[in-house]
Amino acid sequence: MAGTAGTAGRAAKAMRAGHQASAGELLELVRSGRATTRGALQQATGLSRATVGQRLDRLFRAGWLREGAGGPVDSPQGGRPSITLEFDDEHAVVLAADLDTRHGRAAVVSLSGEIQAEHHGSLRIEDGPDAVLGELGRWFAELLEKAGQRADAVCGIGIAVPGPVDTDTGKVVQPPIMPGWDGYDIRGRLGRAFAEHAGIKSAGGATGAGVTRSGVRIPVLVDNDANLMAYGEQRTGYPDCSAFALVKVSTGIGAGMVVGGSIYRGVDGGAGDIGHIRVGADALCRCGSYGCLAAVASGGAVARRLAESGVPATSGSDVRDLLTAGHPEAMALAREAGRQVGDVLATVVTLLNPGVLMIAGDLAGTPFLTGVRELLYQRALPRSTAHLDVVTSRLGERAGLVGAGALVVEYLYAPERVEERLAALGV
């Protein structure tokens, strides 16, 4: 786990500087695999055996650690094998959702990223946040029952949305394809909807759902869909890639970047909004400007061109269906759109120098990918592409769910937050 390993490295550096490792930092060392026995934790932290034992006892009482099989013998003189320590990924679950313009997907996800129950259905962003989030709350309650989980097993909620997000507030900021969502309290509304349908206590609060689990607030984390797709894909398929970029081309176009194991968002969540880079065309974009990349090369733009020629299509998902059926005009337009996107990505690749560039979304098939490669390798500096893999999604439509679940887990089990949560639990 790249994000976990990065945090563990920082924790180890602090310990070497004389910092006394907390219970949260011990848990981080176990989760990252850097130290999985009591002896290894003593060696990594410099803490005494008694202090390590006290900190571990708090984690055991919270239900976050468990003992595994016997590990290697710590002492060169031999003796009994040491007992290994494991993060108990069965003590709670996460709820995750991924919204597109016309559809939504929701799931119950284990702390290790396994999807335990999933639902996909029609959910139109343009119907507004109150209706959409209310329906999501109902889906979540039904999915918990389907997964055989109790509502009080939920430790957090993650949601991916197709617009720029201020992650400090959890609100979308001037989203071009999300009318009525600008500045809306997504966290509060989704928390209330889930509490209502799941029949559990709800309380106010700025940092999360307001749902309480054993007296501890359950957070709702909101992020851009391309960011969470990139996070899910990088963590599961490319954990050693230090610079990873994903471009989602559906009704709109957006990019997510994972650098050094963490999502790169920019100063206020606006990083990766490549759909609104000007490409010199005169097409009107949904953002109100002319000549945006999304206005000429997104799934929505391809659908409009198909409709103008008499082919029924209104969205990126319609284009995807036509591509799957081998429709010749759709395939030609998808390749042309890929070339336009590839021209922009030549600059992105030169700037970021990623090891992996992943193409995802409704248009992410062979015609579009071929077009991307044609212009990307023609326009980008050879050095920028010498070690670049241009690939398509491994997780498919589940990427956003996996990323949303991982985001919640990393948030909740970060060392500083572990200490807060242990104190709230009284252990």
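Counting restarts for each chain: residues are numbered from 1 in the order of the written sequence. A pLDDT threshold of at least 70 governs which residues receive local features in this predicted model, and a stricter bar of 80 or more applies before side-chain atom pairs are shown or counted, although totals over entire chains, interfaces and linings include all residues. Where side-chain values are given, they derive from all heavy atoms of the structure, hydrogens and water being excluded.

Engineer: So what about the environment of glutamate 196? Which residues, and what values?
Structural biologist: Positionally, glutamate 196 belongs in helix H6 (residues 186-198). For every residue, the accessible area obtained with a 1.4 Å probe (protein chains only) is divided by the maximum for its type, and the residue is called buried under 20%, exposed over 50%, and partly exposed between those limits. What makes glutamate 196 exposed here is its relative accessible area of 58%. Between the alpha carbons of glutamate 196 and glycine 134 there is a distance of 9.3 Å; along the sequence they are 62 residues apart. What counts as a helix is a DSSP run of H or I of at least four residues, what counts as a strand is a run of E of at least two, and both are numbered from the N terminus.

Engineer: Quick rundown of the side chain of serine 250? Include the residues and the values.
Structural biologist: Along the chain, serine 250 turns up in the loop between strand S12 (243-249) and strand S13 (253-259). A 3.5 Å cut-off defines polar contacts: any pair of N or O atoms within that distance qualifies, except that in protein one atom must be a possible hydrogen donor and the other a possible acceptor, and neighbouring residues in sequence count only when both atoms are side-chain atoms. A polar contact of 3.1 Å, which involves the side chain of serine 250, links it to the backbone nitrogen of aspartate 362. Throughout, a residue-residue contact means that at least one pair of heavy atoms, one from each residue, lies within 4.5 Å. Non-local contacts of serine 250, meaning those with residues more than four positions away in its chain, are made with Asp100, Ser298, Gly299, Gly300, Gly316, Gly361 and Asp362.

Engineer: How would you sum up the sheet that holds strand S4 (residues 103-110)? Please name residues and give values.
Structural biologist: Here, any two strands with at least 2 DSSP bridges between them count as paired. Taken in spatial order, the five strands of this open sheet run S5-S4-S3-S6-S11, and their pairing is mixed. Looking along the sheet, the strands with just one partner apiece sit at the ends: strand S5 (115-122) and strand S11 (220-224). Ignoring strand direction, the axes of neighbouring strands in this sheet form an average angle of 15°. Where strand S6 (residues 154-161) and S11 come together, five bridges link them in parallel fashion. Note that in S11 the partner of alanine 160 across the bridge is aspartate 223. Throughout, an axis means a line fitted to C-alpha atoms (over the contacting stretch in the case of helices), and angles, computed between N-to-C directions, take values from 0 to 180 degrees. Across the sheet, helix H5 (residues 129-147) is in contact with strand S3 (93-99), S4, S5 and S6; its angle to S4 comes to roughly 40°. The sheet strands contacting helix H14 (residues 399-412) are S3, S4, S5, S6 and S11, and the helix crosses S3 at an angle near 135°.

Engineer: Hey, could you go over the packing of aromatic side chains for me, with residue numbers and the actual values?
Structural biologist: Each aromatic pair joins two rings of Phe, Tyr and Trp (for Trp, the six-membered one) with centres within 6.5 Å, and gets the label stacked for planes under 30 degrees apart, edge-to-face for over 60, and tilted for any other angle. As enumerated under the stated definition, the model contains four aromatic pairs in all. An angle of 85° between the planes, with centres 5.5 Å apart, marks the rings of tryptophan 64 and tyrosine 413 as edge-to-face. Linking tryptophan 64 in the loop between helix H4 (49-62) and strand S1 (65-70) with tyrosine 413 in the loop between H14 and helix H15 (415-425), this pair joins segments that are 349 residues apart in sequence. Residue tryptophan 64 is classed as buried on the basis of its relative accessible area, which comes to 2%. When the centroid spacing of 5.7 Å and the interplanar angle of 40° are considered together, the rings of tyrosine 238 and phenylalanine 244 count as tilted.

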